[in-house]
Amino acid sequence: NAPRLGAREPGFTIDASRFKKVSQLESVRRKTRAGTIFVSGGKFVGADMRKAKLYNMCFFGTDFSQSNWTGASAPGLGFVDVDLTGAQMAASHLPNVLLRDTRLELVNAANARWMQGRLDGGWEGSL
């Protein structure tokens, strides 16, 4: 759901390099009801994302390794140059997800529902 490159649609970028908790991402999403939020950086290793209230957010260079997305429902997420190594994503519901140049080694995505999602290659991404 991210706007095409160069588009002038609603949305903005936040620097999450100092964020330590998932609740900080949720707070940004709550305060911004419309548009896509672009999230640059952030380290959420081992974070529990199962009940996070996230949608229409595109993460760039974020570390979600070993995070738990089991059963999470979050439409319109984008992962660009993101580390999801070892993430638990079983039974997650991520419609319109974008996975571009993302590291997906050892990810458990059994029974995941990623309808109309996009898996985009790149030199750094892996499965």
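Cut-offs applied
Residues numbered from 1 in each chain as written. Predicted model: local features only at pLDDT ≥ 70, side-chain atom pairs only at ≥ 80, totals over all residues. Heavy atoms only, no water. Helix = DSSP H or I, 4+ residues; strand = E, 2+ residues; numbered from the N terminus. Contact = heavy atoms within 4.5 Å. Areas by Shrake-Rupley, 256 points an atom, 1.4 Å probe, with all protein chains shown as cover. Lys, Arg positive; Asp, Glu negative; His and termini not counted. Charge placed at Lys NZ, Arg CZ, Asp CG, Glu CD. Core = buried A, V, L, I, M, F, W, Y, C linked by side-chain atoms within 4.5 Å. Buried < 20%, exposed > 50% of the residue type's maximum accessible area, 1.4 Å probe, protein only. Pairing = 2+ DSSP bridges. pLDDT = per-residue confidence, 0-100. Polar contact = N/O pair within 3.5 Å; in protein donor to acceptor, adjacent residues only side chain to side chain.

Chemist: Explain the overall build of the protein to me, using residue names and the numbers behind them.
Modeler: Along the backbone of the protein there are 1 helix and 6 strands. In the protein, the share of contacts with a sequence separation of at least 24, taken over all contacts with a separation of at least 6, comes to 18%. Surface exposure of the protein reaches about 7200 Å², of which carbon and sulfur atoms provide 50%. Averaging the positions of the 17 positive and the 11 negative side-chain charges in the protein gives two centres separated by 11 Å.

Chemist: Break down the nonpolar core for me, with residues and values.
Modeler: Ranked by size, the top nonpolar core spans 29 residues in total, and within it Phe59, Phe64, Trp69, Leu77, Phe79 and Leu84 carry the most contacts. Examining the composition of this core, we find that 3 residues originate from one element, helix α1 (residues 22-31), more than from any other.

Chemist: Explain the pairing of strand β3 (residues 57-60) residue by residue, including any values.
Modeler: Note that strand β2 (residues 36-40) and β3 share 4 bridges and pair parallel. Along β3, the bridge assignment pairs Ser40 with Phe60.

Chemist: If you had to explain the side chain of Ser92 to someone new, which residues and values would you point to?
Modeler: Mapped onto the elements of the fold, Ser92 is located in the loop between β4 (78-80) and β5 (98-100). The exposure class of Ser92 is buried, given its relative accessible area of 0%.

Chemist: Outline the confidence of the model for the protein, supporting the account with residue identities and numerical values.
Modeler: This prediction gives the protein a mean pLDDT of 90; 91% of its residues lie at or above 70. Of all helices and strands in the protein, the one with the weakest mean pLDDT is strand β1 (residues 11-15) (81), whereas β4 scores best (96).

Chemist: Before we move on, could you go through unusual backbone geometry and cite the residues and values that matter?
Modeler: The phi torsion at Asn56 lies on the positive side, around 50 degrees, for a residue other than glycine. Assignment of secondary structure puts Asn56 in the loop between β2 and β3. Phi at Asp81 is positive, roughly 55 degrees, even though this residue is not glycine. Here Asp81 lies in the loop between β4 and β5.

Chemist: Residues and numbers for the side chain of Glu26, please.
Modeler: Here Glu26 shows up in helix α1. For Glu26, the side chain forms a polar contact with the main-chain nitrogen of Lys53, separated by 2.8 Å. Once residues within four sequence positions are removed from consideration, Glu26 is found in contact with Lys51, Ala52, Lys53 and Leu54.

Chemist: Before we move on, could you go through the environment of Gln24 and cite the residues and values that matter?
Modeler: Within the fold, Gln24 resides in helix α1. A C-alpha to C-alpha distance of 23 Å links Gln24 and Thr102, two positions 78 residues apart in sequence. Looking at Gln24, its side chain comes within polar contact range of the main-chain nitrogen of Lys21, at 2.8 Å.

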